Each structure stands twice: as C-alpha cells, then as structure tokens.
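# Descriptive structure summary
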Amino acid sequence: MSHFVGDKEFFPGIGKISYEGPDSDNPLAFKFYNPERRIGNKTMREHLRFSVAYWHSFCAGGTDPFGSPTLQHPWRGSDPMAAAAMKADACFEFATKTSMDYYCFHDIDAAPEGGTVEETERNLQLVTKMLKERQKESGVKLLWNTANMFSHPRYMNGAATNPDFHVVAYAASQVKAALESNVELGGANYVFWGGREGYFSLLNTDMKREQEHLARFLMLARDYGRKIGFTGTFLIEPKPMEPTKHQYDFDAATVIGFLKAWGLDQDFKLNIEANHATLANHPFAHELQVCADAGLLGSVDANRGDPHNGWDTDQFPTSIYDAVEAMMIILKYGGLGTGGLNFDAHLRRSSTDPEDLFLAHIGGMDTFALGLMIADELIREGKLDAFVQQRYASFDEGEGKDFEAGKLTLEDLRNYAVRRGAVQKRSGKQEMLENYLNQVIFRTRK
Ligand code: XLS
Ligand code: NI
Ligand code: NI
C-alpha cells in the first residue's frame, strides 16, 4: 500500500515512521512506540488510540496575536473545495505515515463555511464524502468531530448560551450537520468544547438562564444524534477560560456536577485536555482521576501547557511524569473505551520545516508509549496500590468498616475516639513514593 492517498505526496522524502528502539539515532523513528507490542492484554496501538488534530496540523499557519503566518500550506490560496481535498489528502497521508489510527476535526477545519446555513451544510456533506473515501482507503478512523461555534463573529456572545435565540438556533444548525457527518463517517465520539459558552461580565449576563439553555441544547443534540444512529459517546471538554473570561465547563468536577444535575451523564463523558487542566490550576492527573472516579472518563486531548504563563499554548506532550500518571489512571480505569489520545497540539511558530510536524508527533507518541510501559510496570509491581490500601486499612475492619457501611452514628464515632485516646501520627511517605517512582522511571529498559 502506498503511504499517501490521492495523487500528490505532501510530505515527500518522509516514509513510514518505524520503530527503531531507544538506541536509534534516527530522529524520524519511534524510540518507544512499537504499535504491535503487547502490554498486558492489548497492543500499544489498542491502548493508546492516537489521533491527529486537523485544525492544528493542517489549518493553523503559525499566526499569533502579534504575527502573521510562518507556514505556507500548499493549499493556501486555492479554491476552497480544492483546498479541502488537498488538506484531507495531507491529513490521511500524515496519519498513515505515522501509524496514527484516528483523526479529529471541527466542521470548518475540513469544509469551508458557506454564506447560508444550506450552503454550509452542502459543503460539509461534500467533504464528508471525500473523508469517507479516504478513511476506507487508509483505514484511518474518526475519533471525533465537533462544530466550531467560537470563531465566527456571530458567536462573540456565545453559541448555545448566546442571549440571542437566533444565534442559538444557528449553532444548532451546525451541530445537526456535524452529527450527520459523524454518523456518515462512523465517528467514535462527538465533542462539545464551549469556548464561548461563558461570560465576560455578570453585569450583562443571566448565568442561570444561559446554563439552562446549554443543558437544553445538549439534550436536543443528544436526542438528534441518537435518532440518526449515533451510538458513540458525547464528550464535553472542560476549560476554565480563554477565549471567555469565565467558561461554564470550568473543570472536570464542574462539568460532572452539571451533567448529573441535568441527567446527561448516561450519554456524555468528558474529554480531558492537559493544558486546560493547567489553566484550571489542576494537575492533568487530577482531572483524569476526577473523571475516572465518576465513571465518566471519555477521551484525552494530549498536549501540555506552560506552567509559567496562563495561556493554552497547546504544546506537544513531553513530560514522562505526566504520561506515567495519566496512563496509570487510564489502565486502572480499564482503558479509554471509545476515546483516544488526540494531539490537540501545534508546532511552535518557528518550527517551519515540513518534518517538524512528524518530529512533534513522534515525540508525543513516544512519551505516551513510554508512559504506558512504565505505568504497566508500576501497576504490576503493586507497591503504590499496596501502600494506598494499607493507608486506609483502618476502614477495612471493625468500626471503620461499619462507618463505611453506614452503620454508625456521630455518637458512635465520638465514643470510639474516647476509647482509642490520643491519635498516633502516621507518615504519608510522599518522598519515599516519589523516590520509588523515579527509580522505576529511570530503570534501564529496552
Ligand atoms: C481549545 C480546545 C479545542 C477543542 C475542540 O482550547 O482544546 O481545540 O479540543 O474544539
Ligand atoms: Ni482540546
Ligand atoms: Ni485547548
């Protein structure tokens, strides 16, 4: 099979990236990601379910608030539908060459927005046909799609939470079309990221009403999706701010409370983005654990932020610590289900060589592959679990057990305290566990 689709190769000179192992000097090779290698009961590719993000890799040209594009995509300046076809070819060529099994897109990343609702719908239908063919040809699948309801000026005051019903309805037209595209492409999930679902000032905002509208909107989307045969998972992607000052889907705990309050937790799970956790002042692992504990861990936008500034810098993930902690949570959860690890990350503005896109993804994939291997070792060794279990041992028998079972009253607790007298200090041993983690991470392995 050729490694590109269509008749033009967009990344000439770069072949299929292969696994060469940790000692390889070849920057265009995997050092840790060996797709068919088994870890536990699954292969690495089955565990990790990597996905490339259309918007960052094939749309964004390296602009920032102070500077114009630094990248010249070959489709820039072409007729919009011709450009859409070229972008699709580039995406599937890239995914095939990097052994990426999935891709993700916003409606307007893939298909040009038209002047009317009907024209926009038609464009997306045409592009969906193109994508479907390329999926078939390459075997690359849709992890999720979503509607971009934040770029167009009509959404400046929000989409589902806009104070103007006309805008809410316009947003609904986009979600309807995006869901239809998803079903046509056999998407595994459908994402809502509410970049403008929030407010800048309470002086002009009825927060309660806006959140009720959001819940109603999500119910309608769910009902329509199920009606047309969407069997995948709906996902909400929390983020506390940016572009809005305050976003309603602030963090995992907030979203879970919202989903439960509206009875949406049967159909919706969460898509956790590492950089959004950073913005909410939480570690990535915290957000994943909150979702796992609620049984609502859906998917991951694998990237990283910068701890020293407050932006969504969407850098490629390189932290082994973060990847190890994330993969421990995911493995114990039983895997990502319909979700995956989507690289919602873009190159730095000055990374302008065509190979840089490959190097960035190779790094992200190797980081999570290594994280997976180490997390699996940590779980199999069982020392962390044993420590945690022993830390709570006082709830495994006697009154502690009765307390957990709801058999004791507050007076019973008081009497127990009297009987036991002064409390003995018990160390949490954090440093010992951190040293152990380092020992395992830096252990020599092949
Ligand atoms: C932006 C979000 C966005 C979503 C999809 O911060 O991460 O890229 O993942 O709309
Ligand atoms: Ni994201
Ligand atoms: Ni983001």
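We now turn to the structure provided with this report. Keep in mind that what you see is a predicted model, and the values were worked out from it rather than measured. (Residues numbered from 1 in each chain as written. Chains lettered and ligands numbered in written order. Predicted model: local features only at pLDDT ≥ 70, side-chain atom pairs only at ≥ 80, totals over all residues. Heavy atoms only, no water.)

### A closer look at the coordination of the nickel ion (ligand 3)
Within the protein, the nickel ion (ligand 3) binds to Glu 273 (OE), His 276 (NE2) and Asp 312 (OD); these donor distances fall in the range 2.1 to 2.3 Å. In primary sequence terms, the donor set of the nickel ion (ligand 3) follows E-x2-H-x35-D. Separating the nickel ion (ligand 3) from the nickel ion (ligand 2) is a gap of 3.9 Å, which Glu 273 spans by donating to each of them. Taken together, the residues span a long stretch of sequence, with His 276 in helix H9 (residues 274-279) and Asp 312 in the loop between strand E13 (297-301) and helix H11 (320-333) at a distance of 36 residues. (Donors = N, O, S within 2.8 Å, 3.2 Å for Na, K, Ca; no water. Helix = DSSP H or I, 4+ residues; strand = E, 2+ residues; numbered from the N terminus.)

### Topic: the side chain of Thr 244
Its place among the elements puts Thr 244 in the loop between strand E10 (233-236) and strand E11 (246-247). Given the relative accessible area of 4%, Thr 244 is considered buried. Aside from chain neighbours lying at most four places away, what touches Thr 244 is Gly 195, Arg 196, Glu 197, Gly 198, Tyr 199 and Phe 200. (Buried < 20%, exposed > 50% of the residue type's maximum accessible area, 1.4 Å probe, protein only. Contact = heavy atoms within 4.5 Å.)

### As for the coordination of the nickel ion (ligand 2)
Ideal geometry at a metal centre: 109.5 degrees between donors when four sit tetrahedrally, and 90 or 180 degrees when six sit octahedrally. All of the protein donors around the nickel ion (ligand 2) are Glu 237 (OE), Glu 273 (OE), Asp 301 (OD) and Asp 344 (OD); their distances to the metal are 2.0 to 2.1 Å. Around the nickel ion (ligand 2), the six donor atoms sit at angles spanning 81 to 176 degrees, and that spread fits a shape best called octahedral. Expressed as a motif, the donor residue spacing for the nickel ion (ligand 2) is E-x35-E-x27-D-x42-D. (Tetrahedral: all angles 85-135°; square planar, octahedral: opposite > 155°, others 65-115°.)

### Description of unusual backbone geometry
The peptide bond linking Glu 242 to Pro 243 adopts the cis configuration, its omega dihedral lying at 10 degrees. A positive phi angle, close to 75 degrees, is found at Glu 242, a residue other than glycine. Considering the arrangement of structural elements, one finds Glu 242 in the loop between E10 and E11. The partly exposed category is assigned to Glu 242, whose relative accessible area is 30%. Non-glycine residue Lys 429 carries a positive phi angle of around 55 degrees. Exposure remark for Lys 429: the relative accessible area of 37% places this residue in the partly exposed category.

### Observations regarding the site of ligand 1
Residues in close proximity to ligand 1 include Trp 55, His 106, Trp 144, Trp 193, Glu 237, Lys 239, Glu 273, His 276, Asp 301, Asp 312 and Asp 344, which together make up its full environment. In the environment of ligand 1, an oxygen atom lies 3.4 Å from a nitrogen or oxygen atom belonging to the side chain of Trp 55. Contact between ligand 1 and Glu 273: an oxygen atom at 2.6 Å from a side-chain N or O atom of the residue. Its free accessible area being 290 Å², ligand 1 has 93% of it covered by the protein chains. (Near = heavy atom within 4 Å. Polar contact = N/O pair within 3.5 Å; in protein donor to acceptor, adjacent residues only side chain to side chain. Areas by Shrake-Rupley, 256 points an atom, 1.4 Å probe, with all protein chains shown as cover.)

### Things to note about the sheet that holds strand E6 (residues 102-106)
Strand order in the closed barrel made by the eight strands is E5-E6-E7-E8-E10-E12-E13-E14, with parallel pairing throughout. The mean inter-strand angle of the sheet, taken between neighbouring strand axes irrespective of direction, is 30 degrees. Where strand E7 (residues 141-146) lies against strand E8 (residues 189-192), two bridges are found, and the strand directions are parallel. The residue bridging Asn 145 from the neighbouring strand is Tyr 190, located in E8. (Pairing = 2+ DSSP bridges. Axes fitted to C-alpha atoms, helices over the stretch in contact; angles between N-to-C directions.)

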